Amino acid sequence: MQFFRRICSAIITLGALVSPSYADPVFKDNQPVMAIVIDDIGDNRKKGLAAINLPGAITYAFLPHTPHSYDLAEIAYKQGKEVILHAPMQNKAGLRLGPGALTEQLSRKEIQQVLHNSLDSIPHVVGMNNHMGSLLTENRQKMKEIMAVAKQRNIFFIDSVTTGRSVAWKVAHEHQIPYLVRDVFLDNKQNWNYIHNQFKQALSLAVTQGHAVVIGHPYPATVEYLSEALPILEQLGIRLVSASELLNIRSRTQLLMAQPKVEPCDSSEGHCQTLPVAIKH
């Protein structure tokens, strides 16, 4: 109970301080929304189930060809949750990517075949985002090859923005593929205070610009935090939506396009540590 009160007190204080009147003009007639994507589902069944059982319209990104990805995707779908592919892409740190890796060394035919196979390995996929990818998402040609598959499969793309020089979202836009851009990484550090501060930043963005895209992972600390925090979003006037629903809202409101402004990334993690500023998706 003390844990829950601590969350409520801090978040409700933030909600009182930030007025929805400052929201992006294209959202002025809409309730602020937040889309949460949980990455890295498929390796661990217990952690994956715990994440899938979180309340609300969360989007789950499944690693291809992992031991539990197919089964967990079926469970998520039956619970009405959104399923996307978490496509492994080459990073600058040389970190292991696992099966389904997309790299600069692959030819156009190879990269598209690998991606098709990854998409086929997970049922009910409606979109994809990048797993790592600090190297590949800077490669415009490879992004074109990837977006050609997304176009063919009629799926959306979420740019995780693991590098400030990512062109993934730009190429998606050029190919007329529905896309979103990550605002906040929730859990680069797996402790309550860090996750709480990141979540507060996401709330602030949702209120001030009308929308926020958050990426987290099935870590016990993240699942525990979200299980307490998500039920009070409605009290703050913020609606939790799937990635596809946010895309529908964007389509209706005709959001303006602008380049994401991101801080330098932690190359050892492949994730940006600090909050992007004033992103319009």
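Residues numbered from 1 in each chain as written. Predicted model: local features only at pLDDT ≥ 70, side-chain atom pairs only at ≥ 80, totals over all residues. Heavy atoms only, no water.

Visitor: Is there a simple way to think about the overall build of the chain in this case?
Guide: What the chain contains, in helices and strands, is 9 helices and 11 strands. Summarising the internal contacts of the chain: among those between residues at least 6 apart in sequence, 76% fall at separations of at least 24. (Helix = DSSP H or I, 4+ residues; strand = E, 2+ residues; numbered from the N terminus. Contact = heavy atoms within 4.5 Å.)

Visitor: Before we go on, may I ask you to explain the packing of helix α2 (residues 45–52) against helix α3 (residues 69–78) in this structure?
Guide: It is the contact of α2 with α3, at a shortest axis distance of 10 Å, that shows an interaxial angle of 15°. Between α2 and α3, the crossing angle belongs to the class labelled roughly parallel. Judged by the sense of rotation from one axis to the other, the crossing of α2 with α3 is right-handed. Contacts between α2 and α3 involve Arg45, Gly48, Leu49 and Ile52 from the first element and Asp71, Leu72, Ile75 and Ala76 from the second. Across the contact of α2 with α3, the residue classes break down as 5 nonpolar, 1 polar and 2 charged. (Axes fitted to C-alpha atoms, helices over the stretch in contact; angles between N-to-C directions. Parallel < 35°, antiparallel > 145°, perpendicular 65-115°, else oblique. Left-handed = near helix turned anticlockwise from the far one by under 90°. Nonpolar A, V, L, I, M, F, W, Y, C, P; charged D, E, K, R; others polar.)

Visitor: Help me understand the packing of helix α7 (residues 192–209) against helix α8 (residues 220–229), please; the structure alone is not making it clear to me.
Guide: Each packed pair of helices is defined by two parameters, the angle between the axes and the distance between the axes. The interhelical angle for the contact between α7 and α8, taken along N-to-C directions, is 50°, at an axis separation of 10 Å. When the axes of α7 and α8 are compared, the pair comes out oblique. By crossing handedness, the relation of α7 to α8 is classed as right-handed. Judged by residue contacts, Trp192, Ile195, His196 and Phe199 of α7 engage Ala221, Thr222, Tyr225, Leu226 and Ala229 from α8.

Visitor: Teacher, can you tell me more about the environment of Ala76 here?
Guide: Tracing the backbone shows Ala76 in helix α3. For the pair formed by Ala76 and Leu49, sequence separation is 27 residues and the distance between their alpha carbons is 8.5 Å.

Visitor: Explanation requested: the packing of aromatic side chains in the structure shown.
Guide: Where two aromatic rings form a pair, the distance of their centres and the angle of their planes describe that pair. The full count for this structure, using the stated rule, is 3 aromatic pairs. Ring centres of Trp169 and Tyr179 lie 5.9 Å apart, and the angle between their planes is 35°; on these two criteria the pair is classed as tilted. On the criterion of sequence distance, the pair formed by Trp169 in helix α6 (residues 168–174) and Tyr179 in strand β6 (residues 179–181) is long-range, its members being 10 residues apart. Each ring, one from Phe199 and one from Tyr225, has its centre 5.5 Å from the other, and the planes form 70°; the classification is edge-to-face. Within this pair, whereas Phe199 is found in helix α7, its partner Tyr225 is found in helix α8, the two being separated by 26 residues in sequence. (Phe/Tyr/Trp six-rings, centres within 6.5 Å; stacked < 30°, edge-to-face > 60°.)

Visitor: Sorry, what's going on with unusual backbone geometry here?
Guide: For residues that are not glycine, phi is negative in most cases, and the peptide bond is trans in most cases. Of note in this structure, His124 is not a glycine but carries a positive phi near 70°. Relative to the elements of secondary structure, His124 occurs in the loop between α4 (108–120) and β4 (125–132). Of the residues examined, His124 reaches a relative accessible area of 30% and is grouped as partly exposed. Phi is positive for Gln176, close to 60°, though the residue is something other than glycine. Within the secondary structure, Gln176 sits in the loop between α6 and β6. We classify Gln176 as exposed; its relative accessible area is 65%. (Buried < 20%, exposed > 50% of the residue type's maximum accessible area, 1.4 Å probe, protein only.)

Visitor: It is not clear to me how the nonpolar core should be interpreted in this structure. Could you clarify?
Guide: Most often, soluble globular proteins keep nonpolar side chains buried together rather than apart. In this structure, Ile36, Phe62 and Phe199 are the most contacted members of the largest nonpolar core, which totals 64 residues. With 8 residues, the single largest contributor to this core is α7. Each residue touching Ile36, except ones within four places of it in the same chain, is listed here: Ile58, Thr59, Phe199, Val214, Leu226, Leu230, Leu240 and Val241. One finds Val33, Ala35, Ile158 and Ala243 within the second-largest nonpolar core, a separate group that totals 16 residues. (Core = buried A, V, L, I, M, F, W, Y, C linked by side-chain atoms within 4.5 Å.)

Visitor: Sorry if this is basic, but what is going on with the environment of Gln198 here?
Guide: Positionally, Gln198 belongs in helix α7. Classification of Gln198 by relative accessible area gives buried; the value is 6%. Residues Gln198 and Phe185, spaced 13 residues apart in sequence, show a C-alpha to C-alpha distance of 7.2 Å.

Visitor: Which parts of the structure should I look at to understand α8?
Guide: Looking at α8, one finds that the buried residues are Thr222, Val223, Tyr225, Leu226 and Ala229. All buried residues of α8 project into a common sector of 165° when viewed along the axis, lining one side. (Arc of directions from axis to C-beta.)

Visitor: Help me understand the confidence of the model for the chain in this model?
Guide: Interpreting fine coordinate detail is not advised for predicted regions of low pLDDT. With 79% of its residues at a pLDDT of 70 or more, the chain has an overall mean of 86. Here residues 255–259 is modelled with pLDDT under 50, and outside its nearest four sequence neighbours on either side it reaches 17 contacts, counting other chains as well. Counted against residues more than four places away or in other chains, residues 273–281, with its pLDDT under 50, gives 40 contacts. (pLDDT = per-residue confidence, 0-100.)

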